[in-house]
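Listed here are the chains, written in short residue letters.
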Amino acid sequence: MSAPLLKVEHLTMRFGGLIAINDVSFEAQKGQITAVIGPNGAGKTTVFNCLTGFYKPSAGRLTLTRPDTGRDYLLERLDDFRITKTAGVARTFQNIRLFAGMSVLENLLVAQHNRLMVASGYSLLGLIGWPSYRAAERDAIDRARFWLDRTGLLARADEPAGSLPYGDQRRLEIARAMCTGPALLCLDEPAAGLNPRESAELNTLLLMIRNDYGAGILLIEHDMSVVMGISDHIVVLDYGRKIAEGTPAEIKANPDVIRAYLGEDDEAEGAVA
Amino acid sequence: MAVAQVSIGGNKLPLTPPLAALKDAVVVALVAMALAGPIVGLQTVDRGGQLTVDLRFTEVAIAIVLVFFGRLGLALGERGLVLPAYGIGAGLVVAGFLLPWPAGLLQVLAIAAGVALVLRSAAGQFGVYRAAKARVPTEEDDAKAERLRRQLTLGLGGLLLVAAVLLPMMPFANSYILDTAIRVLTYMMLAWGLNIVIGLAGLLDLGYVAFYAVGAYTYALLSKDHGFGFWGALPIAGLLAASFGVLLGFPVLRLRGDYLAIVTLGFGEIIRIVLLNWTNFSGGPNGIGSIPRLTFFGHPFVRNAPEGVVPFHQLMGLDFSPLHRSIFFFYLILVLALVVNFFTIRIRRLPVGRAWEALREDEIACRALGINPTNTKLTAFAIGAMFAGFAGSFFATTQSFVSPESFTFLESAMILAIVVLGGMGSQLGVALAAILIIGLTEAFRGLAEYRMLVFGLGMVLIMVWRPRGLLAHRDPTVLLHGKKGVK
Amino acid sequence: MEYLIQQLINGITLGSVYALIAIGYTMVYGIIGMINFAHGEVYMLGAFLSLIGIIVMGLIGVTWVPLALFLVLVLAMAITALYGWSIERIAYRPLRGSFRLAPLISAIGVSIFLQNYVQIAQGARPKPIAPVIRGGFELMTSPDGFTVTLSYLQIFIVVLTIALMVGFTYLITQTSLGRAQRACEQDRTMASLIGVDVDRTISMTFVMGAALAAVAGMMVTLYYGVIDFYIGFLAGVKAFTAAVLGGIGSLPGAVLGGLLIGLIEALWSAYFSVEYKDVAAFTILVFVLIFRPTGLLGRPEIEKV
């Protein structure tokens, strides 16, 4: 049994006196879509922020095992940008964070910054127009073209990212994250604000990433059509604790989960008793 | 917005536009009277060792009247009464020329106010006309606009370059013109350098002049005390300035915009105060003089050279002219400035340049993409500092004298104004702004003390009118589908 | 020992002046997130208005010092407040929706304009006046003849500052204007949606800051006896340092920071070197911003990702 892609052990996050995440442990496998769900305020985005280095966890261990090299990375010890650069964890944001003034294509090229920096000899080779850099840039553009094609944004590649409609912007953010070449893709509410047709398209995209590209996906979502439709594994949080974990079918039937989302039904309780 | 009202018999009646404009103007005039009355109207003078006040109320009163009419015209124009606005504007201009004004400044103000009023009303009318005729732009329109803009940019840029190259050969190119042109190009180079830091990377550096000073003093000391030539000292000056950039940048670059601005301002001042007080090293307030002047590869620009040295004019077979040196300096600074310009254009297409622009847009997104923000910002800071160091070396060798007076905060503010007016990130815009601002300061040299007053006012007006600058368009550095409008 | 006590007295007096200016910075930053670069020049205007007022009082024959000073204080505060209001209306309000650095650049322009405005209107030379409040207490004498004096003026400055602090705190916590201000600091959009006149609240903030700066200006005019058009820049940076040191956005922080900066400056000038005392202030600023940007009494800001 190979090591899981991501292993979260006893993660705890405290903000002063407030405990946002309390001893949460779960695993995400490579080549699978793992969804983290729960009512608002359950701590889902906080988990993401700990995973991607924007918060430093108060306690716990976060181990990422890269499938291509087999190396382990302890995410709680790395700087945020190093997590993306070396460990290969990419993320999108709840409130879209695109480079609005730059074109769609440029957004995707910025994502390939590290690879291109090395190829340009830290700019020195690039300044004099060295052929190896130009080849690397062409490769980068090709990779960008590939993802633009998959997300349906090819026609708008040269337009400012800020001028795209909302659904396109969300997809662009995912394409941009994929251009970093991640082992684990973390999506923070990718279906927020999408209509049912767009959500279905999102499902297709995420499944394609899982099947063809092979990255593991970790997903925060409220839209159950997305969660139930494509997740292989679901983790449920409530008030900072994990209350359930399992397949979609198991979660749907879990009474704790139902109670967390819908609340206690006193009458029903009384009637049963 | 509340409608101007006046109370008559307890009922609030809305005012007609002319009366509302009148009330507006009266309020503004009263405020101006309260503000300017004490400060301008009561001038403290030293009389017999004691301080007393002189009354200057006539001038203040006239100024208030001007303010009243100016504001009235503006208010009328805003409310759609364009004809009276034109009338007042024209009246002000006529009065400016015909009436006997007690002070030259007031006359200039009257004429300026009148002209501004006429222009503003005209602009307002034009805007209304355009809005009425506007329709939704099509793809075709966009492509045409793109093409036009590109042609204009290239055309104007090319024109400027040709004009610059040909300038010294023009018959009217005397010493004054050349010196002014050298000043313009020096500021242009500094502004292009600062543009990398502010325009591309979005780091507000208010102490840029410190790196300019480091370059100048380094060159002065190296060439005077250690016999370095220009091309030997130039890289060292740049390197040292860049090191200062890294030294300063490393602890402070993670600060937010406003804070970074103040810290860099503080750093600039620290450098200046140290240069002012560390007399052994920097010569204190007297600075360093007699810095060896640049030669043409060993041939000095003098009439008579010492034994064994061939002066420039003799080498070229020309009569000696003091212009030779100026012309050489002009081409030198032109080359240096163009180096900065081409560097910027090129680096925008490289990963680090794109990372700068991305950092400016959203630092958190950059971190999430694996970009190291500290290193990236430091690079921008250091490169900007290096170019300032080069400019400082040039300054030292052309002036042959450096002192802390040349490196005040006001210089940083001037360079900042050029970058902001030009439109941060736009090379051509910055060039135009440099010509405009330095040109204006030269043209207004006659007004001496009012120069800086107008400069400060100008900075406020630019931000209120056009915060994005003259040419605020950003061209993408790479296109997937090729240029728009090119079939 | 006696020398030290004298420096402490001087430092606290100087610190009170910085505290008054620092409050203006911290209030404006709290409510619109902008560093009012021109605030130092507003203080300088207050100083000049006080100077002119004192001279005029002498000329029109008001010789009873308390009355003269009271009138000068009120007039200087009123006109300086008007300056503060006008600056906000002309140079900052139109830029409220613009990008972050726009108001800062505009403020730099205002600062340059005001410096030159006063320089032209009043002349570039320093302006001295005869001391208005004389005398004080002699507290103790050291064996080698150094006498620690606590002048009436120093007492006046500190007492006035304390009185203004108390009045101000009352204003901020108990009145509706203070509540409106705190609401705008927290969430401007929401405040306007529930009926707070945001424009007026912001204007009032500038007005109050300017009034306090005017008091500081008058204090300095009386204390040092000489002013010039350049005092705004230096005092502005030091007061801003004080505001940051205490925690930008925190009123007690501004006062604490002001006192600390005043003490540091007095002690530094006395024991180290006078020429570099301004460098001391700039250096403190740099260090505070690097190591503790939230200041002593400020609350750390957690940016939501």
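Throughout, residues of each chain are indexed from 1 in the direction in which the sequence is written. All chains are assigned letters beginning at A, and all ligands numbers beginning at 1, according to the order in which they are written. Two thresholds apply to this predicted model, a pLDDT of at least 70 for residue-level local features and 80 or more for giving and counting side-chain atom pairs, whereas whole-chain, interface and lining totals are computed over all residues.

1. Things to note about the overall build of chain B
Step number 1: Strands here are runs of E lasting at least two residues and helices are runs of H or I lasting at least four, both read from the DSSP assignment and numbered beginning at the N terminus. A tally of regular secondary structure across chain B gives 18 helices and 4 strands.
Step number 2: Dimensions of chain B, computed from C-alpha atoms along their principal axes, come out at roughly 95 × 75 × 50 Å.
Step number 3: Looking at chain B as a whole, 42% of its 487 residues qualify as buried.
Step number 4: For the purpose of contact definition, each residue receives a C-beta atom placed from its backbone, and two residues are in contact when these atoms lie within 7 Å. Partitioning the intrachain contacts of chain B with sequence separation of at least 6 by distance along the chain shows that 73% fall at a separation of at least 24. Buried residues are those with 20 or more other C-beta atoms within 10 Å of their own C-beta, exposed residues have 12 or fewer, and partly exposed residues lie in between; C-beta atoms are placed from the backbone.

2. A word on the interface of chain B and chain C
When the parts of a complex come together, some accessible area is lost, and that lost area is often used as the size of the interface.
Step number 1: In this complex, chain B contributes 43 residues to the contact, which on the side of chain C involves 51 residues.
Step number 2: Where the side of chain B that touches chain C is concerned, the elements lending two or more residues are helix H1 (17-41), strand S3 (42-47), strand S4 (50-55), helix H8 (230-252), helix H9 (257-277), helix H16 (409-422) and helix H18 (450-465) of chain B.
Step number 3: With 11 residues, the single largest contributor to the side of chain B that touches chain C is H9(B).
Step number 4: Side-chain classes follow a simple rule in which Ala, Val, Leu, Ile, Met, Phe, Trp, Tyr, Cys and Pro form the nonpolar group, Asp, Glu, Lys and Arg form the charged group, and the remainder, Gly included, forms the polar group. Broken down by class, the residue content of the side of chain B that touches chain C amounts to 33 nonpolar, 7 polar and 3 charged.

3. Regarding the interface of chain A and chain B
Step number 1: The interface of chain A with chain B comprises 30 residues on the first partner and 27 residues on the second.
Step number 2: Contributions of two or more residues to the side of chain A that touches chain B are made by helix H2 (80-87), helix H3 (104-111), helix H4 (113-119), helix H5 (124-127) and helix H6 (131-150) of chain A.
Step number 3: At 5 residues, the largest contribution of residues to the side of chain A that touches chain B is made by H3(A).
Step number 4: When grouped by side-chain class, the residues that make up the side of chain A that touches chain B number 13 nonpolar, 10 polar and 7 charged.

4. With respect to the sheet that holds strand S10 (residues 241-246) of chain A
All names here are of chain A.
Step number 1: The strand order across the open sheet built from 6 strands is S6-S7-S8-S3-S9-S10, with neighbouring strands paired in mixed fashion. The outermost strands of the open sheet, each flanked by one partner alone, are strand S6 (89-91) and S10. Going from strand to strand, the sheet's axes swing by 20° on average, the running direction of each strand aside.
Step number 2: Sheet topology note: the strand S7 (residues 184-188)/strand S8 (residues 216-220) ladder contains 5 bridges and is parallel. Paired with Cys186 across the two strands is Leu218, which belongs to S8.
Step number 3: Packing of helix H1 (residues 44-51) onto the sheet brings it into contact with strand S3 (33-37), S6, S7, S8 and strand S9 (233-238), and relative to S7 it is tilted by some 145°. In this scheme, strands are said to pair when DSSP sees at least two bridges between them. Fitted lines through C-alpha atoms give the axes, limited to the stretch in contact for helices. The angle between two N-to-C directions lies from 0 to 180 degrees.

5. Considering the nonpolar core
Residue and element names in this part refer to chain B.
Step number 1: For our purposes the nonpolar core covers buried Ala, Val, Leu, Ile, Met, Phe, Trp, Tyr and Cys residues that link as a set through C-beta atoms within 7 Å. Of all hydrophobic cores here, the largest spans 297 residues; its most connected members are Met189, Ala191, Ile418 and Ala434.
Step number 2: In this structure, Met189 is in contact with Ile333, Leu336, Ala337, Val340, Phe387 and Ala391, ignoring residues within four places of it in sequence.
Step number 3: Formed by 20 residues, the second largest nonpolar core is a distinct cluster that contains Ala21, Ala63, Leu92 and Ala113.

6. Some details on the pairing of strand S4 (residues 59-65) of chain A
Residues and elements named next belong to chain A.
Step number 1: As paired strands, strand S1 (residues 6-15) and S4 are joined by 5 bridges and run antiparallel to one another. Bridge pairing links Val8 to Leu62 in S4.
Step number 2: Where S4 and strand S5 (residues 72-74) come together, 3 bridges link them in antiparallel fashion. What sits directly across from Thr65, in S5, is Asp72.
Step number 3: What sits between S4 and S5 in their antiparallel hairpin is a turn of 6 residues, with Gly70 showing a positive phi close to 80°.

7. Examining the domain arrangement of chain B
Step number 1: Either an automatic procedure or a domain database provided the assignment from which the domain bounds are taken. One can read the domain layout of chain B as domain 1 (14-129) and domain 2 (153-465).
Step number 2: Centre-to-centre, using C-alpha coordinates, domain 1 of chain B lies 39 Å away from domain 2 of chain B.

8. Looking at H1(A)
Residues and elements named next belong to chain A.
Step number 1: Summarising burial for H1: 8 of the 8 residues are buried, a large majority.
Step number 2: Residues of H1 that are buried: Lys44, Thr45, Thr46, Val47, Phe48, Asn49, Cys50 and Leu51.
Step number 3: In the segment just after H1, Gly53 is the residue with positive phi, at about 85°.

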